[in-house]
Amino acid sequence: MKCAACGSYSYRAFPAEVLIHFPGLVNIDKSPVFVFPKITICPECGVGQFRVPEAELRLLMNRDVAAAAEYQKKTAGERVAAAA
Ligand SMILES: [Zn+2]
């Protein structure tokens, strides 16, 4: 594996747990998603990488789409008022 940041082929893998939150105040009520990836860390530059498993990836993408739709619905009235 090659480091995406510095190009080094030296890395170490570590088991990890990551709690991914949805960004912004509009998503404050969305449950975060836990993933337990193996993180590879480059000892040359410190960049870490991991792959989100398929099931958790779907949760993240589906909840994000729902949150984006909800945000647009909530702000639609504000946009109409600002345009008037
Ligand atoms: Zn690197």
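The structure presented is a predicted model; accordingly, all values stated were derived computationally and were not measured. (Residues numbered from 1 in each chain as written. Predicted model: local features only at pLDDT ≥ 70, side-chain atom pairs only at ≥ 80, totals over all residues.)

Q: I would appreciate a short explanation of the overall build of the chain in the present structure.
A: Each helix and strand in the chain was counted, giving one helix and five strands. Starting at the N terminus, the α and β elements of the chain follow one another as β-β-β-β-β-α. The buried share of the chain, reckoned over its 84 residues, is 2%. A separation of at least 24 residues holds for 55% of the contacts in the chain among residues at least 6 apart in sequence. (Helix = DSSP H or I, 4+ residues; strand = E, 2+ residues; numbered from the N terminus. Buried ≥ 20, exposed ≤ 12 C-beta atoms within 10 Å, placed from the backbone. Contact = placed C-beta atoms within 7 Å.)

Q: Hey, could you run me through the sheet that holds strand β5 (residues 48–49) in this one?
A: In a beta sheet, neighbouring strands are held together by backbone hydrogen bonds and run either parallel or antiparallel to one another. If you walk across this open sheet you meet the three strands as β1-β4-β5, and the pairing is antiparallel. Taken across any chain shown, the strands that pair with only one partner, and hence form the sheet edges, are β1 (12–15) and β5. Relative to β5, strand β4 (residues 38–41) runs antiparallel, the two sharing two bridges. Bridge pairing in β5 links Ile41 to Gly48. (Pairing = 2+ DSSP bridges.)

Q: Looking at this model, I keep getting lost on the pairing of β4. Mind explaining?
A: Walk down a regular strand and you will see the side chains alternate between the two sheet faces. Alignment of β1 against β4, held across four bridges, turns out to be antiparallel. Residue pairing across strands places Ala13 opposite Thr40, the latter belonging to β4. Between the antiparallel neighbours β4 and β5 lie six residues, among them Gly46 with a positive phi of about 85 degrees.

Q: Looking at this structure, I do not really get the confidence of the model for the chain. What am I missing?
A: The predicted coordinates of low-pLDDT regions are not to be read in fine detail. Summarising the model, the chain shows a mean pLDDT of 85, and 81% of its residues fall at 70 or more. When the elements of the chain are averaged for pLDDT, helix α1 (residues 54–83) gives the smallest value, 74, and β1 the largest, 96. (pLDDT = per-residue confidence, 0-100.)

Q: What's the story with the environment of Leu57 in this structure? I'm lost.
A: Tracing the backbone through its elements, the reader meets Leu57 in helix α1. Spatially, the C-alpha atoms of Leu57 and Val35 are 9.2 Å apart, while their sequence positions differ by 22 residues.

Q: How do you make sense of the environment of Glu56 when you look at a structure like this?
A: Inspection of the secondary structure puts Glu56 in helix α1. Considered as a pair, Glu56 and Val35 are 21 residues apart in the sequence and their alpha carbons are 6.8 Å apart. The residues contacting Glu56, other than those within four sequence positions of it, are Val33 and Val35.

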